[in-house]
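# Coordinate inspection notes
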Amino acid sequence: MKTGIAWLIAASLAGMSVAGATAQAQAPVPEETAQFFSGNWEGEMAPPRWPAYLHISLDLSADPVGSIYTLGQTIELGDPRYDGETLTVSLIGPWSITPRIHLRQTDDGLVGDWQEEDSHYPMWLGRVPDLPTPDDRTAAWLQDIDTLDTRFLRFDRSFDAEARAEFRRRLATLRDHVADMSDGEIVIALSRAVALADNAHTRLYMLRNRTVFRRLPIRFWWFGDSLRVVSANEDHRHLLGCQVDMIASTSALQAREIAATAVSGNASWANYKSTYLLSSPETLHGLGLAAPDAPVELGVSECGAGPIVAVSALPLERSDDPVEAWWELSPFLAAQHGRVQALADRTDSLPLYLSQPDNLHWYQRLEDQGIFYVQLNRAEAMGDQDFGDFSEALLAAFRAQPNLALVIDLRFNTGGNASLLEDLMETLQAESTDMRRYIITGRATFSAGILVAAEWREAGRVTLVGEPVGDVLDYWAEGGNIILPNSRVNAHFANGAHRYSGAPCPDKNYCLQVDIDTLDPDIPQSASWDDYLNGRDPALESIIADLAGTSPAD
């Protein structure tokens, strides 16, 4: 049975049933000690694989006495005990083994460990500064910049020494100019500074994992070098399908290049992220592409509108929920967010890869081709689903009859918990050695999605089809988020090394290694606008043709 901090928290997130443990009666803690420990703390602990960021809030006069945030989940704390030196609190939750945290005072903060039975994971914590209420907007931004300079850099490992020095130099320059800059200009300047890490996981959350700026009532997708409107609110239905040629006075292609300056990672990921940055008036102004507080003028063609249309932003709806640009390719998902979509009247002829977009993972046997097709859109459980049950059902279907080929579609897999997929992927690798094997990748294949593709490449005898994945082979991931205190922009740092090229791991750091030469597609394919409109999937068509020994056009 798997144990340890990562599994325990993943089990809770996946809705797995484990024996419960609840908070016990609180033991008294001296008042002076309680006052010292109370407040917000952040630091790292050292479980077996990655350094894990954690944030602990304590109020020993309350019930529960606080909470801990780590590995993507917030868990309440209870049962405080103090032996004169060490404060011990228990995690309240559905644990088969109740984890406990032991904390001791030091001159610099707290040290201690996370305990599960006989396993102990050391940790250190520093107090999160209690900042005064800023007097004005400039003071608020200065506090946010200082937070990046201190707390963010304290945990990040993706900056090398030269980039770290340049990052701080840019922050120093920015401090002198924030009073004269718009919020969009400041955030883009910060995003460009963060991008100096040259690491796609090191980034600011503005519009994708969090929403802090307004959006236009239309959404874009790149089909090759053609930027198209794929969804819109009802008032802008007439813009569906339009090709966007100009954004204000800048060509769409040049605008994509400018947007890439605020994004780390490879060209494929910058291509994906650009659709966010080009759809917000604040980020457009920050990039120097549009005037502030004015409708955005777009030059459009190949539709009934234009040649110039002015599009005003919708009111800001702040959200902590992730938003994936690829969702806008689906008439079902766009409708869930109140938008009409370019394929709304063609739902009976959608290609397979868009047929079940609201399922994070699903499978189907294509009888005519003898293909067992699996789509994995995230490495995470769906709702109350037990991923183990899903895996067993998939494997039973896979084994039920012979297959000519196995196809795993990762083109929309932006990441998650890669360990969730580990057992299933290993079993499929072992049981598919006598058949043709294909992996479909795309610009949105990222993080855990890239790891899955890399492990299949390392296993051998697999053909990659589609677009390049959204990152390079060697990168930093894992990490956590520092929320800037006033703008509430999230700054994501990275602290876990991934080395897939065979390059050595950094010294004195946790690391995940895979040894491959490339993840470039063996059969490059990308859907054109005509392909998309007509329900075609060049990637799957290429696989079927490859199996038949023909070309897709034959």
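This section reports on the structure supplied with the text. (Residues numbered from 1 in each chain as written. Predicted model: local features only at pLDDT ≥ 70, side-chain atom pairs only at ≥ 80, totals over all residues. Heavy atoms only, no water.)

What the three strands build is an open sheet, ordered β9-β24-β23; its pairing is antiparallel. Whereas interior strands pair on both sides, the edge strands pair on one side only; in this sheet they are β9 (203-205) and β23 (480-483). Along the sheet, successive strands turn relative to each other by an average axial angle of 35°, direction set aside. Pairing of β9 with strand β24 (residues 490-493), which is carried by three bridges, proceeds in the antiparallel orientation. When the bridges of β24 are listed, L204 appears paired with A491. (Pairing = 2+ DSSP bridges. Helix = DSSP H or I, 4+ residues; strand = E, 2+ residues; numbered from the N terminus. Axes fitted to C-alpha atoms, helices over the stretch in contact; angles between N-to-C directions.)

As a further point, take the nonpolar core. Counting residues in each nonpolar core, the largest one holds 136 residues, and the members touching the most others are L278, L298, I408, L428, Y500 and Y532. Those residues in contact with Y532 that lie beyond four places of it in its chain are F223, V230, E328, L329, Q341, A342, L343, Y353 and L354. The next biggest cluster of nonpolar side chains, apart from the first, holds 25 residues, and it includes M45, V65, I68 and W114. (Core = buried A, V, L, I, M, F, W, Y, C linked by side-chain atoms within 4.5 Å. Buried < 20%, exposed > 50% of the residue type's maximum accessible area, 1.4 Å probe, protein only. Contact = heavy atoms within 4.5 Å.)

What follows deals with the pairing of strand β15 (residues 308-311). The side-chain alternation of β15 yields one buried face, formed by V309 and V311, and one unburied face, formed by I308 and A310. Alignment of strand β14 (residues 296-301) against β15, held across four bridges, turns out to be antiparallel. For E297, the partnering residue across the bridge sits in β15 and is A310. Adjacent in sequence and paired antiparallel, β14 and β15 are bridged by six residues, among which E302 carries a positive phi angle near 60°.

What follows concerns helix α7 (residues 267-277). Of all 11 residues making up α7, 10 are buried, and the element is well covered by its neighbours. When we look at burial in α7, the residues that qualify are S268, W269, A270, N271, Y272, K273, S274, T275, Y276 and L277. Residues of α7 that are buried make contact with α5 (183-194), β9, β10 (218-223), α6 (252-259) and α8 (281-286).

Here the structure, examined in full by the defined rule, presents 24 aromatic pairs. With a centroid separation of 3.9 Å and 10° between ring planes, the pair formed by W269 and F446 is classed as stacked. Residue W269 is found in helix α7, and its partner F446 is found in the loop between β20 (436-441) and α12 (448-459); the two are separated by 177 residues along the sequence. You can call W269 buried: its relative accessible area is 0%. (Phe/Tyr/Trp six-rings, centres within 6.5 Å; stacked < 30°, edge-to-face > 60°.)

All right, on to the pairing of β14 then. Pairing geometry for strand β12 (residues 243-247) and β14, over four bridges, is antiparallel. In the strand pairing of β14, M246 is matched with G299.

What follows is about the state of the cysteines. Taken as a whole, this structure holds two disulfides when the rule is applied. There is a disulfide in this structure between C242 and C303, and the S-S distance comes to 2.0 Å. Given an S-S torsion of about 95°, the disulfide between C242 and C303 has right-handed geometry. Placement of C242 in the loop between β11 (226-232) and β12 and of C303 in the loop between β14 and β15 is noted, with a sequence separation of 61 residues between them. Assessed through its relative accessible area of 0%, C242 is described here as buried. Along the protein, the cysteines engaged in disulfide bonds are linked according to the scheme 1-2, 3-4 when indexed in sequence order. (Disulfide = S-S within 2.5 Å.)

Quick look at the packing of helix α10 (residues 387-399) against helix α11 (residues 419-431) now. Packed helix pairs are specified by the crossing angle of their axes together with the interaxial distance, meaning the distance between the axes. Interaxial distance between α10 and α11 falls to 10 Å at its minimum, and their mutual angle equals 15°. In terms of orientation, α10 lies roughly parallel with respect to α11. α11 is crossed by α10, and the crossing has right-handed handedness. Each of F387, F390, S391, L394, L395, F398 and R399 in α10 lies in contact with α11, whose residues at this interface are L420, L421, L424, T427, L428 and E431. Split by residue class, the contact of α10 with α11 holds nine nonpolar, two polar and two charged. (Parallel < 35°, antiparallel > 145°, perpendicular 65-115°, else oblique. Left-handed = near helix turned anticlockwise from the far one by under 90°. Nonpolar A, V, L, I, M, F, W, Y, C, P; charged D, E, K, R; others polar.)

Right, let's get into unusual backbone geometry. Backbone torsion omega between D63 and P64 reads 0°, so that peptide bond is classified as cis. Residue placement: P64 occurs in the loop between β2 (52-58) and β3 (66-70). The step from G306 to P307 runs through a cis peptide bond, and the omega angle for that step is 10°. Here P307 lies in the loop between β14 and β15. If you check the backbone angles, E478 has positive phi at about 60° while not being a glycine. Relative to the helices and strands, E478 resides in the loop between β22 (474-477) and β23. When its relative accessible area of 30% is taken as the criterion, E478 is described as partly exposed.

Moving on to α11. The first and last C-alpha atoms of α11 sit 19 Å apart over 13 residues, in line with the 18 Å expected at 1.5 Å per residue. For α11, the complete set of buried residues consists of L421, L424, M425, L428 and Q429. Each element contacted by the buried residues of α11 is listed here: β18 (371-376), α10, β19 (405-409), β20 and α12. (Expected span 1.5 Å × (residues − 1).)

We now examine the pattern of salt bridges. Tallied over the full model, the rule gives 26 salt bridges. Across the pair R365 and E367 runs a salt bridge, and its minimum N-O distance is 2.6 Å. Exposure remark for E367: the relative accessible area of 48% places this residue in the partly exposed category. In this structure, R536 and D531 form a salt bridge, with 3.1 Å as the shortest nitrogen-oxygen distance. On the basis of relative accessible area, R536 is assigned to the partly exposed category, the value being 36%. Bridged by salt links that share partners, the residues D146, D149, R168 and R175 form one connected network. (Salt bridge = Lys/Arg side-chain N within 4 Å of Asp/Glu carboxyl O.)

Strands sit in the order β1-β2-β3-β4-β5-β6-β7-β8 around a closed barrel of eight strands; the barrel is antiparallel. This sheet shows a mean twist of 30° between the axes of neighbouring strands, independent of strand direction. As defined by bridge partners, strand β6 (residues 100-106) adjoins strand β7 (residues 109-116) across seven bridges and the pair is classed as antiparallel. Within β7, the residue paired with R104 across the bridge is V111.

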